[in-house]
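Residues per chain, in single letters:
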Number of protein chains: 2
Amino acid sequence: MTYLNHYNEEDKVLVAVDCIIFGFDEEGLKILFVKRGFEPEKGKWSLMGGFLKREENLAEAATRVLFSLTGLQDIYMEQLYSYSEIDRDPVTRTISVSYFALINKNKYDLKLNIKNEAQWFKFSEAPLPIFDHQQMIEKALIRLRRKALSTPLGFELLPEKFTMRQLKRLYESILNQKLDKRNFINKFNSLDILVKLEEKDKTSSKKGAFLYKFDEKKYQLKKEEGFNFKL
Amino acid sequence: MTYLNHYNEEDKVLVAVDCIIFGFDEEGLKILFVKRGFEPEKGKWSLMGGFLKREENLAEAATRVLFSLTGLQDIYMEQLYSYSEIDRDPVTRTISVSYFALINKNKYDLKLNIKNEAQWFKFSEAPLPIFDHQQMIEKALIRLRRKALSTPLGFELLPEKFTMRQLKRLYESILNQKLDKRNFINKFNSLDILVKLEEKDKTSSKKGAFLYKFDEKKYQLKKEEGFNFKL
DNA sequence: TCAAAAGTGTTCACCGTACACCCATGG
DNA sequence: CCATGGGTGTACGGTGAACACTTTTGA
């Protein structure tokens, strides 16, 4: 600590992380909120957040926060943006770094249900969360859309086996627009990351729709190389 | 300060901003470094940085830092990413938020030269800066490339009047690849944001090349709507 | 038998890409 | 008169977009 003359103790601030967590099910795109357990704004809906500790970096903090509130682990997270308005948290100066995560609702819902402070909302019907969380969510949605058009997406959000209808609905709910069935399927198939299974899912039609899964290796490769999807 | 029970004083940290500043001239893409004036790493090259103060947000801090070190004002800046490795700054725990800026070298070089701790480097020949600044720069370059392909770019980096050759060189040095003259010009013209002037610039050829400027209104509109440039 | 979703190809317009020659001028 | 960079157009292939009918089967 020899050099602290240029490092002014007075200007230290609290740093938080807030996680925007997206999920998907039959109803469409969902977002996970928690009921805030302490004042101020106790009882209101909020993104999952927590403070950065001295012994961890931001990514670790985001992972810890997610785990401690939901029990979820090994979730892909990505840093988004830092929010620093002086009064964004009324209690004390706090900077917050937002992270976003995609989770497979089907796979993790059991774990989640244990904690009833957490609740999924249909994205379009979610209540207004506290502080500047709505801003964070809007930026996250933009990022999610960009990702959907430049990288394969679905493995993180869909059940292991899914129908083309589900995949298309996922994209539709992210992009918030109707897509042409044939064009969507043709394009997605041309990525060569899907494996068509023998099985059919008959829950949504008499005829039954073939199930698909992702070829994980090819999926990861495509993810790295990226593409330019026009839909 | 009634609610500080959940807000632990102990975990406060210093927050810094670091600015990645790009410029452009005949030699190509440039980056601005400063010679660090205090220990540790005194005398080494560094991004322009400084600490966030209690009375400002991050964007204000970035603007202030840029101004105090270079005298430059009204520069477009954009937040990039936050760096939080525990030992990234050897003196004390510091989180740094990177910002990037594009500046018009021609317009501002006079002001800049006053401060001789600041120096432009050809991007490809820049020395290795301190701490994790190289990482920051790499991320900034990726962002700059993405911007170049999805938004018009040049107004911030070129002199008011410029030739097609200069514009093409700008793109070539950002994307680090040769571009086809005709295709580039055709595509850029199709954006309908350039105004062809009567004047010619004769410094680089006998025949002389027509000068252009940006139609500021159309430029800003295109900037908002964005596009998808393939080059 | 009929309702509801699954599945499947083609055509057209547009855009990206590759490519080569003449022009104007100062030295 | 010639060397240097400036300026211009076309042809081809690939991709995005629009579009409709037949199949299956449980109720």
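Criteria and cut-off values
- Residues numbered from 1 in each chain as written.
- Chains lettered and ligands numbered in written order.
- Predicted model: local features only at pLDDT ≥ 70, side-chain atom pairs only at ≥ 80, totals over all residues.
- Heavy atoms only, no water.
- Domains from an automatic or database assignment.
- Contact = heavy atoms within 4.5 Å.
- Buried area = accessible area lost by both parts, 1.4 Å probe.
- Salt bridge = Lys/Arg side-chain N within 4 Å of Asp/Glu carboxyl O.
- Polar contact = N/O pair within 3.5 Å; in protein donor to acceptor, adjacent residues only side chain to side chain.
- Helix = DSSP H or I, 4+ residues; strand = E, 2+ residues; numbered from the N terminus.
- Near = heavy atom within 4 Å.
- Nonpolar A, V, L, I, M, F, W, Y, C, P; charged D, E, K, R; others polar.
- Phe/Tyr/Trp six-rings, centres within 6.5 Å; stacked < 30°, edge-to-face > 60°.
- Buried < 20%, exposed > 50% of the residue type's maximum accessible area, 1.4 Å probe, protein only.
- Lys NZ or Arg CZ within 6 Å of the ring centre and 35° of its normal.

**Q** What is the right way to look at the domain arrangement of chain A in this model?
**A** A common measure of how large an interface is: the accessible area buried when the components associate. Residues and elements named next belong to chain A. Segmenting chain A into domains produces domain 1 (4-150) and domain 2 (162-225). Distance between the C-alpha centres of domain 1 and domain 2: 29 Å. Listed by partner, the interface residues are nine residues for domain 1 and eight residues for domain 2. When the area that domain 1 buries against domain 2 is broken down by residue, the three leading residues are Phe24, Arg145 and Ala148, summing to 58%. Scanning the region where domain 1 abuts domain 2 turns up zero salt bridges. In this assembly, domain 1 and domain 2 are joined by two residue pairs in polar contact (both at pLDDT 80 or more). Secondary structure elements with two or more residues in the side of domain 1 that touches domain 2: strand S2 (28-35) and helix H3 (133-150).

**Q** How should I be thinking about the protein's contact with DNA strand D in this particular structure?
**A** Lining the immediate environment of DNA strand D, one finds 18 residues, of which A:Asn183, B:Arg165, B:Lys181, B:Lys207 and B:Phe210 sit closest. Contact distances for DNA strand D include 3.4 Å between a base nitrogen and a side-chain N or O atom of A:Asp180. In this structure, a base oxygen belonging to DNA strand D sits 3.2 Å away from a side-chain N or O atom of A:Lys207. Listing elements by their share of the surface near DNA strand D, those giving two or more residues are helix H5 (181-190) of chain A together with helix H5 (181-190) and strand S10 (209-214) of chain B. Here the residues of the surface near DNA strand D sort into two nonpolar, five polar and 11 charged.

**Q** Looking at this structure, how should I read the packing of aromatic side chains?
**A** In this description, a pair of aromatic rings is defined by centroid distance and the angle of the planes. Scanning the entire structure with this criterion turns up 32 aromatic pairs over all chains. Aromatic pair A:Phe214 and A:Tyr219: ring centres 4.8 Å apart, planes at 65°, arrangement edge-to-face. For the pair A:Phe214 and A:Tyr219, a shared accessibility class is recorded, and that class is buried. Members of the aromatic cluster, each reached through a chain of ring pairs, are A:Tyr171, A:Phe184, A:Phe188, A:Phe227 and A:Phe229. Residue placement shows B:Lys139 over the ring face of B:Tyr81; its charged tip is 4.0 Å from the ring centre. Residue placement shows B:Lys223 over the ring face of B:Tyr76; its charged tip is 5.5 Å from the ring centre.

**Q** Looking at this structure, I do not really get the protein's contact with DNA strand C. What am I missing?
**A** Of all residues adjacent to DNA strand C, which total 19 residues, the nearest are A:Arg165, A:Lys181, A:Ser204, A:Phe210 and B:Asn183. Counting only atoms of DNA strand C within 4 Å of the protein, the fraction found in sugar and phosphate groups is 45%. At 3.0 Å from a base nitrogen of DNA strand C is found a side-chain nitrogen or oxygen belonging to A:Lys181. Measuring from a sugar or linking oxygen of DNA strand C, one finds a backbone N or O atom of B:Lys206 at 3.4 Å. Going through the elements one at a time, H5 and strand S10 (209-214) of chain A together with H5 of chain B are the ones with two or more residues in the surface near DNA strand C. Split into classes, the residues belonging to the surface near DNA strand C amount to two nonpolar, five polar and 12 charged.

**Q** What is the right way to look at H5(A) in this model?
**A** Owing to its 3.6 residues per turn, the α-helix brings residues three or four apart onto one side. A side-chain oxygen of the first residue of H5(A) lies 3.1 Å from the backbone nitrogen of A:Arg182; this N-cap is A:Asp180. Following H5(A) by one or two positions, A:Asp192 has its phi on the positive side, about 60°.

**Q** Is there a simple way to think about the interface of chain B and chain A in this case?
**A** Across the boundary between the two partners, chain B contributes 39 residues, which contact 39 residues of chain A. Between chain B and chain A, a total of about 3900 Å² is buried, with carbon and sulfur atoms accounting for 58% of that surface. Inspection of the chain B/chain A interface yields two salt bridges. Note that A:Asp11 and B:Arg54 form a salt bridge whose closest N and O atoms lie 3.8 Å from each other. On inspection of chain B and its partner chain A, the count reaches 20 residue pairs in polar contact (both at pLDDT 80 or more). Elements supplying a minimum of two residues to the side of chain B that touches chain A: strand S1 (14-25), strand S5 (77-83) and strand S6 (94-102) of chain B. Sorting elements by how many residues they give to the side of chain B that touches chain A places S5(B) first, with three residues. Among the residues making up the side of chain B that touches chain A, the classes are represented as 16 nonpolar, nine polar and 14 charged.

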